[in-house]
Amino acid sequence: MVVMAIALLISTPTLVVLSSIFTHTGDVWSHLVDTVLLRYVLNSLWLMMGVGIGVLGIGVSTAWLVTLCRFPGAKLFEWALLLPLAAPAYLLAYAYTDVFEYFGPVQTTLRLWFGWSSTNDYWFPNVRSLWGAIVMLSLVLYPYVYLLARVAFLDQALCTMEASRSLGRGPWKSFFTVALPLARPAIATGVSLALMETLNDFGTVQHFGVETFTTGIYRTWFSMGERIAAAQLATCLLLFVFGLILLERWSRRQARYYQTVGRNQTLSTYHLRGWRSLLAMTICTVPVLLGLVIPVGLFTNMTLNNLERTVNRNFWQLSQHSLILATLTAAIAIALSMIMAYGVRLKPTWGMRFGTRLSAMGYAVPGSVIAVGTLIPVARFDNWLDAHMRSLFDISTGLLLSGTIAALIFAYLVRFLAVSFGAVESSLIKIKPTLDDASRSLGQTPSRTLLKVHAPLMSGGLLTGIMLVFVDVMKELPATMVIRPFNFDTLAVYVHRYAADERLVEASAPALAILLVGLLPVIALSVQITRSRAR
């Protein structure tokens, strides 16, 4: 019952948004359909298509090079290519806008070198555009494809590749006809994850002026004051996400992928020399350089050169706010995940499994959708309680949950519970059921067994879950922008606000803090992968 209650509570925002499609909104929805809805749909589709192509090209090519080719720096790139995952796309958008704008260093240098006086003398691409958003999102989301594709290439059977070579196929033909088809499920999963994060993005598309569903939801809610219309826009975005999941599964519904030899055998590698080696190094260097090194260098330079304006009292207060939210959310998420995972272990019924999967669905739902789905029931509860207390005791309770930290943390839990649950579940299933029996035979209750036996054995998974949720909360922007309490900003909100006002220097220290915190789980993941392959 406890597990089902948690699952129902966590899934409430998604169900509320879906139910809003049947609510009448008068002329508001008709106005949205006639004016902006088509633009939201087309921009979202173009954005997904561009990012899909970008992450596919970067992720698969780099994964193949570092896995089956040998060239200078290949071992370094194995983990370095994961690092851009730590950088939110909106931070890259702010950094490169400052670099490529008219008064930025690039255009200023070009005018100085060639004697140009204004843009009438030359043409320069506008980074604040749809293609700019595609580039920013591709640079930070390709690690999803890279990681899963690399694991798939590592797991491919040695005899399969050797058979391809024995039939006279070179590296390129073996890649396209053997390795790539076998890795297709993993690559499709990575692309799907990247596209879900694309639909969730708010800061990048808002800063670049690209009208998508996320910006439309925010504008409809705050500028027009139409909650139901915003919920219906969120429903459209949610249908996009569900359609993406179903399309990926349908595309490989009849495909089967088998390996004939164990994964512990070492694949033969291609040794690259000369221009091929240089090309491989360039292909692997560019994503890391553009996706992390340049933004970190830019924000570090701004912070150090303007310490009094950047690392001030306001910065420490914002850091405290973000740390409080991230710590509380991570602690609650890991506790709920342990309860749910252990509940399924004790009673692995269909209903229990369905409930846990339903509650884990939130990670596929964009933050703006979760924000709308959280505020509507919270506001209804506050209004119901206030009316009830007025009628019975003539006391006004006001807004107890709306615009509070509690509501914001709840939205975070809906969004990121799946992250901690996955880490806990993967650790729990490795513990033999005989330990449960032994503990119960010694008179221990299920709860004491979980705390005294399982928790110590799952310490690595618990730490991973806490760390991942902590970092995700630190970076989260759409839900925080909508739900946060009045005068309670976080590092992410502060960076977004000042970047929008073209005051990137003031935003540099918070942006750098977000980047450095985000590096922690990525580095830990890289170390874990390296150790697992060395065994």
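The numbers attached to residues start from 1 for each chain and follow its sequence in the written order. Per-residue local features are limited, in this predicted model, to residues with pLDDT of at least 70; the limit for side-chain atom pairs, both in listing and counting, is 80 or more; totals at the level of whole chains, interfaces and linings are taken over all residues. No hydrogens and no water enter the side-chain calculation; it runs on all heavy atoms of the structure.

Helix and strand assignments follow DSSP, with helices taken as H or I runs no shorter than four residues and strands as E runs no shorter than two, numbered in order from the N terminus. Helices and strands together make up the secondary structure of the protein, namely 24 helices and two strands. Throughout this description, buried means an accessible area under 20% of the type-specific maximum (1.4 Å probe, protein chains only), exposed means over 50%, and partly exposed covers the range between. Scored against the burial criterion, the 535 residues of the protein give a buried share of 50%. Restricting to contacts in the protein with at least 6 residues of sequence separation, those with at least 24 account for 81%. Of the accessible surface of the protein, which amounts to about 25,500 Å², a share of 66% is contributed by carbon and sulfur atoms. Here a residue-residue contact requires only that any non-hydrogen atoms of the pair lie within 4.5 Å. Working definition of accessibility: Shrake-Rupley area with a 1.4 Å probe, residue cover restricted to the visible protein chains.

Moving on to the environment of Ala230. Here Ala230 lies in helix H12 (residues 227-251). Assessed through its relative accessible area of 0%, Ala230 is described here as buried. Contacts of Ala230, omitting those with residues within four sequence positions, involve Ile217, Thr220, Trp221 and Val372.

On to helix H16 (residues 350-359), then. Turning to H16, its buried residues number three or more, namely Met352, Gly355, Thr356 and Ser359. On an axial view of H16, the arc spanned by its buried residues comes to 95 degrees, and they lie on one face. Summarising the contacts, the buried residues of H16 are in contact with helix H1 (2-19), helix H15 (313-346) and helix H18 (405-428). What the arc measures is the spread of directions leading from the helix axis to the C-beta atoms.

Across soluble globular proteins, nonpolar side chains have a tendency to be buried as a group. Core analysis: the biggest nonpolar cluster contains 157 residues, and Phe71, Leu91 and Tyr94 have the highest contact counts within it. Counting residues per element, this core draws most heavily on helix H2 (residues 27-68), which supplies 15 residues. As used here, the term nonpolar core means buried Ala, Val, Leu, Ile, Met, Phe, Trp, Tyr and Cys residues forming a set that is joined through side-chain atoms within 4.5 Å.

For the rest of this paragraph, the subject is the confidence of the model for the protein. A residue's pLDDT is the confidence the predictor assigns to it, expressed on a 0 to 100 scale. On average, the protein scores 81 in pLDDT, and the residues at 70 or more come to 87%. Looking at the elements of the protein, mean pLDDT is at its lowest for helix H7 (residues 158-166), recorded as 58, and at its highest for helix H13 (residues 275-305), recorded as 91.

A few words on the side chain of Asp472. Tracing the backbone shows Asp472 in helix H21 (residues 459-475). Positive charges come from Lys and Arg, negative ones from Asp and Glu, while His and the chain ends are left out of the count. A pairing counts as a salt bridge when a side-chain nitrogen of Lys or Arg comes within 4 Å of a carboxyl oxygen of Asp or Glu. Lys475 provides the closest opposite charge to the buried, unpaired Asp472, separated from it by 4.4 Å. Those residues in contact with Asp472 that sit more than four places away from it in its chain are Tyr363, Phe416 and Val419.

With a phi angle near 55 degrees, Asp394 is a residue other than glycine that sits in the positive phi range. Residue position: Asp394 is located in the loop between helix H17 (367-393) and H18. Its relative accessible area of 67% is what places Asp394 among the exposed residues. Positive phi outside glycine occurs at Asn487, with the angle close to 60 degrees.

Moving on, we come to the packing of aromatic side chains. Put simply, two rings from Phe, Tyr or Trp (the six-membered ring, in Trp's case) pair if the centres are within 6.5 Å, and we call them stacked under 30 degrees between planes, edge-to-face over 60, tilted for the rest. What the rule picks out here adds up to eleven aromatic pairs. Centre to centre, the rings of Tyr40 and Phe213 are 6.1 Å apart; their planes meet at 55 degrees, and the pair counts as tilted. Of this pair, Tyr40 sits in helix H2 while Phe213 sits in helix H11 (residues 213-222), placing them 173 residues apart in sequence. Residues Tyr40 and Phe213 agree in their burial class; the two are buried.

Its location among the elements puts His496 in helix H23 (residues 491-500). Residue His496 is classed as buried on the basis of its relative accessible area of 7%. When residues no more than four places from it in sequence are discounted, the contact partners of His496 are Tyr94, Phe202, Gly203, Gln206, Leu477 and Met481.

This part takes up the packing of helix H4 (residues 89-100) against H23. It is at 11 Å that the axes of H4 and H23 come closest, and there the two elements cross at 30 degrees. Between H4 and H23, the angle falls in the class roughly parallel. In this structure, H4 crosses over H23, and the sense of that crossing is left-handed. Side by side, H4 and H23 meet where Tyr90, Leu91 and Tyr94 of the first sit next to Ala492, Val495, His496 and Ala499 of the second. Here the axes come from fitting lines to C-alpha atoms, over the contacting stretch only for helices, and the angles between their N-to-C directions go from 0 to 180 degrees. Angles below 35 degrees are treated as roughly parallel, those above 145 as roughly antiparallel, those between 65 and 115 as roughly perpendicular, and all remaining angles as oblique. Each crossing gets its hand from how the near helix is turned against the far one by less than a right angle, where anticlockwise is left-handed and clockwise is right-handed.

Turning next to the environment of Asp121. Position of Asp121 among the secondary structure elements: in the loop between helix H5 (105-114) and helix H6 (130-155). Owing to a relative accessible area of 39%, Asp121 belongs among the partly exposed residues under this scheme. In this structure the C-alpha to C-alpha distance between Asp121 and Arg111, which are ten residues apart in sequence, comes to 9.1 Å.

Moving on: a nonpolar patch on the surface. On the surface, a nonpolar cluster with roughly 640 Å² of combined accessible area is contributed by Leu38, Leu42, Leu45, Trp46, Met49 and Ile53. Inspection of the secondary structure puts Met49 in helix H2. Take Met49: its relative accessible area is 48%, and that puts it in the partly exposed class. Within the patch definition used here, like charges are joined within 9 Å and nonpolar side chains (Val, Leu, Ile, Met, Phe, Trp, Tyr) within 5 Å, considering only residues with over 30% relative accessible area and no salt bridge.

Before going further, it helps to spend a moment on the packing of H17 against H18. In helix packing, the relevant descriptors are the interaxial angle and the interaxial distance, both defined with respect to the helix axes. Interhelical geometry of H17 versus H18 gives an angle of 130 degrees and a closest axis separation of 10 Å. By the angle between their directions, the pair H17 and H18 is classed as oblique. The element H17 and its partner H18 pack so that their crossing is right-handed. Across the interface between the two elements, Gly367, Ile370 and Thr374 of H17 pack against Ala407, Phe410, Ala411, Val414 and Arg415 of H18. Three residue categories are used. Nonpolar comprises Ala, Val, Leu, Ile, Met, Phe, Trp, Tyr, Cys and Pro, charged comprises Asp, Glu, Lys and Arg, and polar comprises the others, including Gly. Here the residues of the contact of H17 with H18 are counted per class, giving five nonpolar, two polar and one charged.

Once that is clear, we can look at the pattern of salt bridges. Evaluation of the coordinates by the stated rule reveals ten salt bridges. Residue Arg219 pairs with Glu211 through a salt bridge whose shortest N-O separation is 3.8 Å. Owing to a relative accessible area of 34%, Arg219 belongs among the partly exposed residues under this scheme. Taken together, the salt bridges that share partners define one network made up of Arg39, Glu211 and Arg219.

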